[in-house]
Amino acid sequence: MVAAWCIGASLVWAADPQFIEPNAQAGQSLAVRIDGGALVHTGQMLPWGSATTPTPPGEQVFQAFSKLRDALKVADAELSDVVKLNVYVSHPSVTPLVEQELRSRFRAPSLPAVSFVQTRLPDPAAMVALDAVARTRRDDVASVVLLESTEKGQPAPAAILPGGGVIYISGQAEKGDGSLASATRETMAGLFKTLEFLGSKPDHVVQIKAFLTPMSDAAAALKELRGAFGAAA
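Summarised in this report is the structure supplied together with it. (Residues numbered from 1 in each chain as written. Predicted model: local features only at pLDDT ≥ 70, side-chain atom pairs only at ≥ 80, totals over all residues. Heavy atoms only, no water.)

**A few points about the packing of helix α3 (residues 180-197) against helix α4 (residues 218-229)**
Step number 1: Contact geometry of α3 with α4 gives a least axis separation of 8 Å together with a crossing angle of 35°. With respect to the hand of their crossing, α3 and α4 are arranged in right-handed fashion. Two secondary-structure elements touch here, α3 through Leu-180, Ala-181, Thr-184, Arg-185, Met-188 and Phe-192 and α4 through Ala-218, Ala-220, Ala-221, Glu-224, Leu-225, Ala-228 and Phe-229.
Step number 2: Here the contact of α3 with α4 is composed, by residue class, of 10 nonpolar, one polar and two charged. (Axes fitted to C-alpha atoms, helices over the stretch in contact; angles between N-to-C directions. Helix = DSSP H or I, 4+ residues; strand = E, 2+ residues; numbered from the N terminus. Left-handed = near helix turned anticlockwise from the far one by under 90°. Contact = heavy atoms within 4.5 Å. Nonpolar A, V, L, I, M, F, W, Y, C, P; charged D, E, K, R; others polar.)

**Side note on the side chain of Gln-60**
Step number 1: Positionally, Gln-60 belongs in helix α1 (residues 57-74).
Step number 2: Side-chain polar atoms of Gln-60 contact the backbone nitrogen of Met-127, separated by 2.7 Å.
Step number 3: With near-sequence residues (within four places) excluded, Gln-60 lies in contact with Pro-47, Thr-55, Ala-125, Ala-126, Met-127 and Val-128. (Polar contact = N/O pair within 3.5 Å; in protein donor to acceptor, adjacent residues only side chain to side chain.)

**Some details on the packing of aromatic side chains**
Step number 1: Enumeration over the complete set of coordinates arrives at one aromatic pair.
Step number 2: Here Phe-192 and Phe-229 contribute two aromatic rings whose centre-to-centre distance is 5.4 Å and whose plane-to-plane angle is 90°, an arrangement assigned as edge-to-face. Within this pair, whereas Phe-192 is found in helix α3, its partner Phe-229 is found in helix α4, the two being separated by 37 residues in sequence.
Step number 3: A cation sits over an aromatic face here: Arg-105 above Phe-62, 4.9 Å from the ring centre. (Phe/Tyr/Trp six-rings, centres within 6.5 Å; stacked < 30°, edge-to-face > 60°. Lys NZ or Arg CZ within 6 Å of the ring centre and 35° of its normal.)

**Comments concerning the sheet that holds strand β4 (residues 82-89)**
Step number 1: Spatial ordering of the open sheet is given by β5-β4-β6-β3-β8-β7, a layout of six strands whose pairing is mixed. Because the sheet does not close on itself, it has two edges, and the strands there are β5 (113-118) and β7 (145-146).
Step number 2: When β4 meets strand β6 (residues 128-135), the two strands line up antiparallel, connected through seven bridges. Each residue of the ladder has a partner; that of Lys-84, found in β6, is Val-133.
Step number 3: Packed onto the sheet, α1 meets β3 (39-42), β4 and β6 and runs at close to 30° relative to β6. (Pairing = 2+ DSSP bridges.)

**Topic: the nonpolar core**
Step number 1: Judged by nonpolar contacts, the single largest core of 30 residues is most densely connected at Leu-85, Val-98 and Val-128.
Step number 2: Secondary structure elements with two or more residues in this core: α1, β4, α2 (95-105), β6 and β8 (158-161).
Step number 3: If you tally residues by element for this core, the top one is α1, at six residues.
Step number 4: Not counting chain neighbours up to four residues away, the residues in contact with Leu-85 comprise Phe-65, Leu-68, Leu-102, Ala-113, Val-114, Ser-115, Leu-130, Asp-131 and Ala-132. (Core = buried A, V, L, I, M, F, W, Y, C linked by side-chain atoms within 4.5 Å. Buried < 20%, exposed > 50% of the residue type's maximum accessible area, 1.4 Å probe, protein only.)

**Considering the pairing of β3**
Step number 1: Taking every second residue as pointing to the same face, both faces of β3 are buried, with Leu-39 and His-41 on one and Val-40 and Thr-42 on the other.
Step number 2: Pairing of β3 with β6 involves three bridges; the strand directions are antiparallel. The partner of His-41 across the bridge, within β6, is Val-133.
Step number 3: One ladder, built from four bridges, connects β3 with β8; its direction is antiparallel. Bridge pairing links His-41 to Ala-159 in β8.

**Observations regarding the environment of Ala-24**
Step number 1: Of note, Ala-24 is situated in the loop between β1 (18-20) and β2 (31-33).
Step number 2: Spatially, the C-alpha atom of Ala-24 lies 29 Å from that of Lys-209, the residues being 185 residues apart in sequence.
Step number 3: Once residues within four sequence positions are removed from consideration, Ala-24 is found in contact with Arg-103, Ala-108 and Leu-111.

Spelled out as structure tokens, the structure:
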């Protein structure tokens, strides 16, 4: 298991982002540069209801983007504010459907940088998932803001990172007793020690990316993550 952390520091006001080689036909840019300012980091957005009702892949893509839009809205951001979009598909046939949605949802020059990964997803019925980094239109962000989930016991759908310095921690993993739950618990303990060494603390974390196997046990990992952070996940 590997965790990626984003941790905020002092406030710096942002200039408009610079979209490098925007491609309107692809609905994305090669890269996006943004100087300072607060950034929204979302959790992973899966389609609605995919666990119980078979949903065509095209509809799943539409739902995932709509869910991302709604999460950003709570953080005073819109899809046009997205600067980095991470797309996860369970089969390569879903990628063209995502690209079609990108062309539909985004307009030049505000085209995000996009990466695609083919992987199993926490919900075996889901064929697509998204997470994103976006500008927020809030002008008073001086510390990490966790946005409250509408689902009881679930992590925040997004968190806002204030402008300033950022710490990324990656590459830490523990085996535990061989179970995913134990490995997650011990990995989080190790990451918290690294965080303390760097002079920061858990409530400064805005996003975690976990790479794990087997994906069928993802709920166990999520339970341990919630337990590590307590109420402020």
